[in-house]
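Architecture and fold: a report
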Amino acid sequence: MTERLYNLSIDRTAEVYIYGTGIKAGKIFFELRDENIPIRGFIDRDESERPGTFFWGKKVYSLSEVNRSASIIVASGFWKEIENRLLQNGFENIYVDNSHMEKVQVSDAFLDGVGDYQFDRDSTYVVCPYGLGDTLYVCAFLREYKKEKNKDRVCAIVKRSHGDIAKGFGCIDDVICDDNLVEQLNSWAVRTETWELKNFLYGHFKKKLDMNFIRGDNVILDSMVTQYRREVMGLSEHSNLLWEEFSLPQCDDGGLDLNSVVLMPYANSIRMLTSIMWEELAKNLQEQGYLVYTNIKGEEEIPIEGTQAITGDISQIVSIMKKCKMVISLRSGLCDILAFCRIPMIVLYTDPNMYREWDLKFISDEIDVKNIKTYELDDRAIIDQVFMYLPKP
């Protein structure tokens, strides 16, 4: 049986999962938590990279791992396709929320509006529907996009938490920060396979309704910079990634000093390392005389035992870390932002494919980053390599 979410009445003793790991999934998670409805975890496609990672402190499962008697809340603009997939796989307790879907108005190959938003035809609207790193790379190519495509003005449409990224590039003429608008344009673009209009650009990789990417030949062999340049922005190979122009507003929150090391053990799209490894690393750093901190996104993440927590929005985090000795992090979108801001890092890769495509050195050889391929090492060897790259305080 499928019900609309706003009519939802769930058995609080049943296993409840949210299908999706996007904006809507996070919003529903916190709404249900406020109603004291326990969420067992999130669900993503078996073939995606999400299962096995964590989202808002909860594990992401593949559909094949979930009991058929569980209640599934579909948190995606692609609710109809997901609902059909769940029914075909024997799930019966399905809840969907399609109450916020707005019709996108298009005429004469122009995007005219979405809901209360009306768009003009003299600007090009670029929607950035995914992670921090995705938004960063799209925005970093927009000056070249304007030049090659002969665009006078561009407006970046981004998630609220990504606003400072878009505002950090002087070539962007306007920024709209609206999670619902981002989600609506993302859903519409994928459903209709509309990637570009005269005043619109879909700022991510093209994909089908089954969420499989539509990419050119051998794109998997290319670096992340090349993939964004060619597959997303449609630019020539001579187009430059203008990372040097990126600038975030400075916050007066007080920064760390050269005696400080920041750990970033959390990431959404990569396999996590053990808490035992991080705790042992923190202990070893403290024995060397460092002050050790853990960057956390919010109350759903906890600092490594024995360390102090730091949290904040993007600008606050960069301001705090600007003068620290080193950031030691799982590969995540925040790493890209720190690299653009020239903050020294040791980056831990738990997947060889991500290392091949997402090495931060593809940005520039000027980036102060050291890489560790943790998938080839045990916990002790990872820690030893960290100290090979980290001078004593």
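Here the residue numbers are simple positions, counted from 1 along each chain's written sequence. Predicted model: local features are reported for residues with pLDDT of at least 70 only, side-chain atom pairs are reported and counted for 80 or more only, and whole-chain, interface and lining totals are derived from all residues. Note that water and hydrogens are dropped before the side-chain values are worked out from all heavy atoms of the structure.

Section: the overall build of the chain
Stated precisely, the cut-off is as follows: Counting from the N terminus, the helices are the DSSP runs of H or I reaching at least four residues and the strands are the DSSP runs of E reaching at least two. Each residue's exposure class comes from its accessible area (1.4 Å probe, protein chains only) as a fraction of the maximum for that residue type: buried when under 20%, exposed when over 50%, partly exposed otherwise. Here a residue-residue contact requires only that any non-hydrogen atoms of the pair lie within 4.5 Å. Areas reported as accessible are Shrake-Rupley estimates using a 1.4 Å probe. Residue values count occlusion only from the protein chains shown.
Regarding its fold elements, the chain presents 12 helices and 21 strands. By the burial criterion, 53% of the 393 residues in the chain qualify as buried. Long-range pairs, those at least 24 residues apart, make up 62% of the contacts in the chain with a sequence separation of at least 6. For the chain, the exposed surface amounts to about 17,700 Å²; the carbon and sulfur share of it is 45%.

Examining the pairing of strand β5 (residues 58-62)
The side chains of a regular strand alternate, first on one face of the sheet and then on the other. What counts, and what does not: Should DSSP find at least two bridges between two strands, the strands are regarded as paired.
Bridge count for strand β3 (residues 41-44) against β5 is 3 bridges, and the pairing is parallel. Within the sheet, the bridge partner assigned to Asp44 lies in β5 and is Ser62. Linking two consecutive strands that pair antiparallel, namely strand β4 (residues 54-55) and β5, is a turn of 2 residues; a positive phi of about 50° is found at Trp56 within it.

What about the nonpolar core?
Definition in use: Here, the term nonpolar core denotes a set of buried Ala, Val, Leu, Ile, Met, Phe, Trp, Tyr and Cys residues that are joined through side-chain atoms within 4.5 Å.
The biggest cluster of nonpolar side chains holds 83 residues, and the ones touching the most others in it are Ile328 and Leu360. Here the element with the most residues in this core is helix α10 (residues 333-340); it accounts for 6 residues. Once residues within four sequence positions are removed from consideration, Ile328 is found in contact with Val261, Val262, Leu263, Met264, Trp278, Leu281, Leu285, Ile346, Leu348 and Val386.

Description of the environment of Asp116
Within the element layout of this structure, Asp116 appears in the loop between β9 (110-114) and β10 (117-118). Taking the C-alpha atoms as reference, Asp116 lies 9.9 Å from Leu181; in sequence the two are 65 residues apart.

A short note on the pattern of salt bridges
The cut-off we apply is this: Between Lys or Arg on one side and Asp or Glu on the other, a salt bridge is scored when a side-chain nitrogen of the former is within 4 Å of a carboxyl oxygen of the latter.
What the rule picks out here adds up to 13 salt bridges. Between Lys147 and Glu144 there is a salt bridge; the shortest N-O distance is 3.1 Å. Of the two residues, Lys147 and Glu144 both sit in helix α4 (residues 142-149), 3 residues apart, roughly one turn of that helix. Glu144 gets classed as buried once you look at its relative accessible area, which sits at 6%.

Here's the deal with the side chain of Ser239
Rule in force here: Any pair of N or O atoms that falls within 3.5 Å is considered a polar contact. Within protein, one atom must be able to donate a hydrogen and the other to accept it, and sequence-neighbouring residues count only if both atoms are side-chain atoms.
Residue position: Ser239 is located in the loop between α7 (224-232) and β16 (260-264). At a separation of 2.2 Å, a polar atom in the side chain of Ser239 contacts the side chain of Glu148. Once residues within four sequence positions are removed from consideration, Ser239 is found in contact with Phe141, Glu144, Glu148 and Arg229.

As for the environment of Val347
Here Val347 lies in strand β20 (residues 345-349). Its relative accessible area of 0% is what places Val347 among the buried residues. Between the alpha carbons of Val347 and Cys335 there is a distance of 7.9 Å; along the sequence they are 12 residues apart. Not counting the four nearest positions on each side in its chain, Val347 is found in contact with Ser329, Arg331, Leu360, Val369, Lys370, Asn371 and Ile372.

What about the packing of helix α1 (residues 23-34) against helix α6 (residues 179-192)?
What counts, and what does not: Each axis is a line fitted through C-alpha atoms, taken for helices only over the stretch in contact, and angles between the N-to-C directions span 0 to 180 degrees. Under this scheme an angle from 65 to 115 degrees is roughly perpendicular, one under 35 degrees roughly parallel, and one over 145 degrees roughly antiparallel; angles in between are oblique. In this classification, the charged set is Asp, Glu, Lys and Arg, the nonpolar set is Ala, Val, Leu, Ile, Met, Phe, Trp, Tyr, Cys and Pro, and all remaining amino acids, among them Gly, are polar.
As a packed pair, α1 and α6 sit with axes 10 Å apart at the nearest point and diverge in direction by 130°. As judged from the angle between their axes, α1 and α6 are oblique. Judged by residue contacts, Ile23, Lys24 and Lys27 of α1 engage Asp179, Asn180, Val182 and Glu183 from α6. Considered class by class, the residues forming the contact of α1 with α6 number 2 nonpolar, 1 polar and 4 charged.

Things to note about α7
Across the 9 residues that make up α7, a large majority, 7, are buried. Listing the buried residues of α7 in full gives Met224, Val225, Gln227, Tyr228, Arg229, Glu231 and Val232. Gly234 sits one or two residues past α7 and shows a positive phi near 65°.

Observations concerning the sheet that holds strand β19 (residues 326-330)
Reading across from one edge, β18-β17-β16-β19-β20-β21 is the order of the 6 strands in this open sheet, with parallel pairing throughout. If you trace the sheet from one side to the other, it starts and ends with β18 (308-310) and β21 (369-373), each paired once. Adjacent strand axes in the sheet meet at a mean angle of 25°, parallel and antiparallel pairs treated alike. Bridge count between β19 and β20: 4 bridges; the pairing is parallel. Counted as the bridge partner of Ser329 is Val347 from β20. Relative to the sheet, helix α9 (residues 314-321) contacts β16, β17 (291-295), β18 and β19, its axis offset from that of β18 by approximately 130°.

Observations concerning the packing of aromatic side chains
In plain terms, the rule: Stacked, edge-to-face and tilted labels apply to pairs of Phe, Tyr and Trp rings (six-membered ring for Trp) whose centres lie within 6.5 Å, assigned for plane angles under 30 degrees, over 60, and everything in between, in that order.
By the definition in use, this model includes 18 aromatic pairs. Ring geometry for Phe29 against Phe42: centres 5.7 Å apart, planes inclined by 50°, an arrangement best described as tilted. Here Phe29, found in helix α1, pairs with Phe42, found in strand β3; they are 13 residues apart in sequence, far enough to count as distant. Judged by its relative accessible area of 3%, Phe29 falls in the buried class. Geometrically, the ring pair formed by Trp188 and Phe200 is edge-to-face, given 5.3 Å between the ring centres and 65° between the ring planes. Pair noted here: Trp188 is in helix α6 and Phe200 is in strand β15 (residues 200-202), with a separation of 12 residues, a long-range link. When sorted by exposure, Trp188 lands in the same class as Phe200, which is buried.

The analysis is restricted to geometry; functional conclusions fall outside its scope.
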